[in-house]
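# Working through the structure, step by step
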Amino acid sequence: MKPITILVSVDSNSILLGAKEFVKVFKNLIEEFNLSNLVEVLETGTMGNYSGVTVAIMPDNVYYSVSSISDVKKVFEEHILKGRKVLDLEISPNELISKKESITKEYKIVTRNIGKIDPKNIDEYIANDGYFALAKALSMKPEEIINEIKESGLRGRGGAGFPTGLKWEFAYKTDADQKYIVCNADEGEPGTYKDRLIMEGDPHSVIEAMIIAGYAVGATKGYIYIRGEYYGSIENVKKAINDAYEYGFLGENILNSGFNFDLSIRLGAGAYICGEETALLESIEGHAGRPRLKPPFPPQKGLFGKPTVINNVETLANVPQIILNGAEWFKQIGTENSPGTKVFCFAGNLNNRGIVELPMGVTVKELLIYAGGISGGKLKMVQTGGIAGTFIDESKLDVPLDYDSFAKYGVSLGSGVILGVNDSHCVVDIAKNVMEFFRHESCGKCTPCREGTKIAVEILEKMSKFEATMDDLEHLIEISNVAKEAALCGLGQSFPVPLLSLINNFKEEFEMHIIDNVCPANLCKKVEKKKSRKLTI
C-alpha cells in the first residue's frame, strides 16, 4: 500500500457521470507530478451517493463528490498537493441527517466491502476476511451450517421473506443424484438496484455464499442468473468466478475438503416475470419464462427436475458473515421476528439517490431523512417495497419496516425501494402507470393476471379522461381481490397490492376524478369527442 490512496466509486451509474474518465485524470496527474511512489488510484464500488462521482482520500477518510474534470483537478491540487480540504466539494455520509433527529444508524453487513475494496481484486476480498467463512463451513457438518442459518432467522431479501435455513433444509433432506444452487440476480423490480450494486461492488461475497450453500445441501453445481442489461455486474462476477477457480475456491477438491462445486452465469433477457423463481428456472432450461404450478417446490423438484435452492443476491451476501460471527450475533441486529439488516434503494422525487443499509425495523420517516427529503414539491406519498409495494401517505411514515409491517400496518417491506412522490403527481396517473407495467410484464399464462391487468388499465384510462363511474372503481377492487386469491404466481398475486393501497389511502382523489371531473395535479384531461359528420348525397 502506498501512503495515499484515492478511491473512485465506479459502478454502472457513476460511469455515466464520468467516473472512468476521472480515474484517468487522477492517474495522469500523479504521473505529471511524479507521485507514483506515494499515491495510487483504485476503482471501488458505490459509496451510496448519486449526486456525483464519489472520491475518497485515504487514510484521511475525506469524501468528495466530483462532477467534472475541473473538480478532479481541484481535489488533486488542493488535497493531494497542498494538504487541505476542498470544502465546497466535501461530503459526509451523515451531512443530510438532522442532528436533532433520533435516527437509526447504518449497519453494514451486506455492503461492508462496497466502496472500500477493488471488486475485481480477489486479494482485497481475502484481506477483508473473504473466504474465511467458506474455510470454516467446510470444517463443519452440513446440518450444522443449516442449523446456524435457521437459528439466525435470515429470511429472503428479495421480497417474499421465506426463511433461508428452512429452504436449505428442504433441499438437504431431498435425495437426488444432482442438486443445484441458483442465485436470483434478475432484479426486474423498477426502482430496485441494490443487487446490481452488490454484484458490482463485492461479487465474491455472493460466490462464497453459494459455495457454502452447495456444501450444506449437497449441491455441486450453481448458476447466477443475471439480468442481461447489468453489464457491470456481469463483468465483475465473471472476473470473480475466474479468480475463484484460480485460487481453488471453485472446482474440484475445494480447500482439500473433497467437496466439488462449479459455478457459471446465465443471462436473462429483461423479463420481470423471470424474477419469479420457477419462471427463472424455466429460462435457465431454455424455455419461455413462465411460472410452474406449485407444488412441487424447487427444493424438492427444481432445475432440470432436481432439488434446487434459489436465493436472492442480498440474501446470499449475508451468509458468510453469519457463518463467521454466528447466529446469535446476527439476531442482535434488527427486530425479534426480522433479524439483520436491509439494503434500501432511494428513487423518485427524493433529493438523494443511492443505497443505505440499516437494521430491520427502521421507519419510513427515518429513511426519508437519509434520502434528504422530497424534491420538487411537498410530500404526497411514498411507495415502499418496489413496484409491487404499498403506497402510503404521511399518516404512516412512523411505521417500522420489517416482515411484520404488512400484516400489522398494511405497509410492505418488499425489495426495499423507497419511492418518494411529490404533490405534482396524480393518483390515477400513478395507478395507470403501475398497471401498464404489470400488463406488459404478465406472461399471460393465467386469466386473473392476463385479463385483470388489461381491464384495470382500461378502467384507469377512463378515469384519466373523466369517463369512469363509481361502479368502475368497485370493479377495480373486485379484480384485485380475485387476483390476490386466484393468480398463478407472485406477479399476478402482487399487482393488487399497489392498486388497493392507492385506492384505500387516496380514495378521495379517485372520487374527484369520477364525481367532480377534477384532477388535483391537473394532469388528467377530458377528451372531447369529435362529432361525426353526416354524408349528404
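The structure displayed is predicted, hence computed values, not measured ones. (Residues numbered from 1 in each chain as written. Predicted model: local features only at pLDDT ≥ 70, side-chain atom pairs only at ≥ 80, totals over all residues. Heavy atoms only, no water.)

### Remarks on the overall build of the protein
- When its secondary structure is counted, the protein shows 20 helices and 14 strands.
- Scaling as 2.2 N^0.38, a compact globule of 537 residues should have a C-alpha radius of gyration of about 24 Å, and the protein matches this with 25 Å.
- Taken along the three principal axes of its C-alpha coordinates, the protein extends 90 × 65 × 55 Å.
- Counting every position in the protein, which comprises 537 residues, the buried fraction comes to 57%.
- Sequence separation of at least 24 residues holds for 71% of the intrachain contacts in the protein that already meet a minimum separation of 6.
- Here the protein carries 60 positive and 71 negative side-chain charges, and the mean point of each set is 5 Å from the other. (Helix = DSSP H or I, 4+ residues; strand = E, 2+ residues; numbered from the N terminus. Rg over C-alpha atoms; globule rule 2.2 N^0.38 Å. Buried < 20%, exposed > 50% of the residue type's maximum accessible area, 1.4 Å probe, protein only. Contact = heavy atoms within 4.5 Å. Lys, Arg positive; Asp, Glu negative; His and termini not counted. Charge placed at Lys NZ, Arg CZ, Asp CG, Glu CD.)

### A word on the pairing of strand β12 (residues 379-384)
- Counted residue by residue, β12 has six buried out of six residues, so it is predominantly covered.
- Inspection of the sheet shows β12 paired to strand β14 (residues 417-422) by five bridges, in the antiparallel sense. When the sheet's bridge partners are listed, valine 382 is paired in β14 with glycine 420. (Pairing = 2+ DSSP bridges.)

### Digging into the packing of helix α7 (residues 194-201) against helix α11 (residues 313-325)
- Contact geometry of α7 with α11 gives a least axis separation of 9 Å together with a crossing angle of 45 degrees. Here α7 is positioned oblique relative to α11, judged by the angle of their axes. Packed against α7, whose contacting residues are Lys194, Asp195, Ile198 and Met199, the element α11 presents Val313, Glu314 and Ala317 at the interface.
- Considering only residue class, the contact of α7 with α11 consists of four nonpolar, no polar and three charged. (Axes fitted to C-alpha atoms, helices over the stretch in contact; angles between N-to-C directions. Parallel < 35°, antiparallel > 145°, perpendicular 65-115°, else oblique. Nonpolar A, V, L, I, M, F, W, Y, C, P; charged D, E, K, R; others polar.)

### As for the sheet that holds strand β13 (residues 390-392)
- Taken in spatial order, the five strands of this open sheet run β11-β10-β14-β12-β13, and their pairing is mixed. In the strand order of this sheet, the two ends are held by β11 (354-359) and β13, each with one partner. Taken pair by pair, the neighbouring strands of this sheet meet at an average axis angle of 25 degrees, ignoring direction.

### Comments concerning the confidence of the model for the protein
- With 96% of its residues at a pLDDT of 70 or more, the protein shows a mean pLDDT of 93.
- Confidence drops under a pLDDT of 50 for residues 95-100, and excluding neighbours within four residues, the segment shows eight contacts in the predicted structure. (pLDDT = per-residue confidence, 0-100.)

### Observations regarding the sheet that holds strand β8 (residues 262-268)
- Strand order in the open sheet formed by four strands is β8-β7-β6-β9, and the pairing between neighbours is parallel. Of all strands in the sheet, those with a lone pairing partner are β8 and β9 (308-312), marking the two edges. Across the sheet, the axes of successive neighbouring strands diverge by a mean angle of 20 degrees, strand direction being ignored.
- Sheet analysis places strand β6 (residues 180-185) next to β9, joined by five bridges and oriented parallel.

### So, the side chain of serine 480
- Take serine 480: it is sitting in helix α17 (residues 470-486).
- In contact with serine 480, not counting residues within four places along its chain, are Pro496, Leu499 and Leu500.

### Remarks on the pattern of salt bridges
- All chains considered together, the criterion is met by 26 salt bridges.
- A salt bridge links glutamate 200 to arginine 196; the shortest N-O distance between them is 4.0 Å. Of this pair, glutamate 200 and arginine 196 are both found in helix α7, four residues apart, which corresponds to roughly one turn of the helix.
- A residue is classified by how much of its surface remains accessible, and glutamate 200, at 3% relative accessible area, is buried.
- With relative accessibility at 13%, the residue arginine 196 sits in the buried group.
- Aspartate 472 is the partner of lysine 462 in a salt bridge, and the nearest nitrogen-oxygen pair spans 3.1 Å. (Salt bridge = Lys/Arg side-chain N within 4 Å of Asp/Glu carboxyl O.)

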